[in-house]
Each structure stands twice: as structure tokens, then as C-alpha cells.
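# Commentary on secondary and tertiary structure
The lines below spell out each chain.
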Amino acid sequence: NLFLTSFVIQFSAQSIGPILALYVRDLGQTANLLFVSGLIVSSMGLSSMMSSGVMGRLGDKVGNHRLLIVAQAYSVLIYLLCANASTPLELGIYRFLFGLGTGALIPGVNALLSKMTPKAGISRVFAFNQVFFYLGGVIGPLAGSVVAEQFGYHSVFYATAACVALSCLFNLIQFRTLLKVKEI
């Protein structure tokens, strides 16, 4: 299930890529459209870099499995806010806030995989995890484009929120007996 979580993380992040500049234009941005779109994309990466260390320490303190579920729920909320943004600035702020949560996702998955995998198979497990992560990066933009074409730009954020919510539900089921303990 953690492989699927890695897939969904990248799928959801990349599904927005092909439509972001068009969505920003739809929100009313006309001047410097590509630059503003680039700032919005970069804001997520910047905030993710800023929060990764803090989220790593928090995962060590409260348990990575717990933090992963909270970060996924947070991501769902932010995707819903992005779908309802009314200005490019608002979208940029939401994407920045989204990045704060993504700082917990990949480090959390990696920490859990390292704790749950026997030492003899760790390289192979991380290789499989990367395959799923990159597969999400391949399928995400294609799916986002299809959803946008059929249902509109806002729908990409709703569909992405639904995918992340489903992944969060699967993780809740997987870790249900472990939520009361800090360490796995």
C-alpha cells in the first residue's frame, strides 16, 4: 500500500502540471501568465523544502504512519481549496500551503518502508517504490489533461482530492491497529 501511496503522491502533484497555466489564465491572469504560473508551481517546491526537516522531526516524534495520514488529509483539504480559488494569488497561497504538507509525505513513506522492510530487501523495496513514484509522474499529467478536457480545470483538483482521500483511507485501514502506538 505504501507503493500506491507513492504513486498517488506523484500522480496528484503532476496531474495539475499540464493545466496550471490555463487554470491561472481562467482565474483572470493575463499579464505575465507563464511567469505567474511558474511562481505558483515554485511556491509549492519552496514550502516543501522548508517544511521537510520539520516534518521529519515531527514524524520521529509522533510516528510516521500517523503523520502520513494527517498529511494526506491536509492535502485533500488543500486540493479542494485550490479547486475553489478565485484569483491566481489565492491559488498561489494554497499551493504554498500544500507544499508545507508535502514535506511529510515522501519522507514519511520512506521512513515507513525502511522500518517495515527486512535489511536484506531494502534496496529492492526502495527501487519498487521509485517505480511507483515515477509511474505516478507519467500517468498523472495524462489523467489530469483528460479530466480537464472532459470536465474543466476545477475538476482536476476535485479528482486529485478524491484520489488522495482514497489513498488516505487505505492507509487508515492498513495502519488501523498501529495508530495507538508511536513506533512501528
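Here we summarise the structure given alongside this text. (Residues numbered from 1 in each chain as written. Predicted model: local features only at pLDDT ≥ 70, side-chain atom pairs only at ≥ 80, totals over all residues. Heavy atoms only, no water.)

## Describing the side chain of N64
Along the polypeptide, N64 turns up in helix α4 (residues 64–83). Residue class for N64 comes out buried when judged on its relative accessible area of 5%. Those residues within four positions of N64 in sequence are excluded, and the remaining contacts are G59, G108, A111, L112 and K115. (Helix = DSSP H or I, 4+ residues; strand = E, 2+ residues; numbered from the N terminus. Buried < 20%, exposed > 50% of the residue type's maximum accessible area, 1.4 Å probe, protein only. Contact = heavy atoms within 4.5 Å.)

## With respect to the packing of aromatic side chains
Under the criterion given, the structure shown has six aromatic pairs. For the pair Y23 and F157, a centre-to-centre distance of 5.0 Å together with 40° between the ring planes defines the contact as tilted. With Y23 in helix α2 (residues 20–26) and F157 in helix α8 (residues 153–174), the pair connects residues that are 134 residues apart, well separated along the chain. In this structure an aromatic cluster arises from ring pairing among F3, F128 and F132. (Phe/Tyr/Trp six-rings, centres within 6.5 Å; stacked < 30°, edge-to-face > 60°.)

## As for the environment of L105
Within the secondary structure, L105 is located in helix α6 (residues 105–116). Residue class for L105 comes out buried when judged on its relative accessible area of 5%. Residues L105 and L58, 47 residues apart in the sequence, show an inter-C-alpha distance of 12 Å. Sequence-distant contacts of L105, defined by excluding residues within four places in its chain, comprise I9, L68, A71, Q72 and S75.

## Focus: the nonpolar core
If you look at the biggest cluster of nonpolar residues, it comprises 28 residues, and the most contacted ones within it are Y23, V24, Y79, L91 and F157. Those elements that provide at least two residues to this core are α1 (2–15), α2, α3 (33–62), α4, α5 (88–102) and α8. No other element matches α4, which puts five residues into this core. The residues touching L91, leaving out its near neighbours within four places in the chain, are L20, Y23, V24, L27, I40, C82, A85 and F157. With 16 residues, the next largest nonpolar core counts A71, L113, V125 and F175 among its residues. (Core = buried A, V, L, I, M, F, W, Y, C linked by side-chain atoms within 4.5 Å.)

## Some points on the environment of S42
Mapping S42 onto the fold places it in helix α3. For the pair formed by S42 and L20, sequence separation is 22 residues and the distance between their alpha carbons is 12 Å.

## A closer look at the packing of α4 against α8
Packed helix pairs are characterised by how far apart their axes lie and by the angle those axes make with each other. Interhelical geometry of α4 versus α8 gives an angle of 165° and a closest axis separation of 8 Å. With respect to α8, the element α4 is oriented roughly antiparallel. The hand of the α4/α8 crossing is left-handed. Between α4, through L68, I69, Q72, A73, S75, V76, Y79, L80, C82 and A83, and α8, the contact on the second element is made entirely by H154, F157, Y158, T160, A161, V164, A165, S167, C168, N171 and L172. In terms of residue class, the contact of α4 with α8 is built from 15 nonpolar, six polar and no charged. (Axes fitted to C-alpha atoms, helices over the stretch in contact; angles between N-to-C directions. Parallel < 35°, antiparallel > 145°, perpendicular 65-115°, else oblique. Left-handed = near helix turned anticlockwise from the far one by under 90°. Nonpolar A, V, L, I, M, F, W, Y, C, P; charged D, E, K, R; others polar.)

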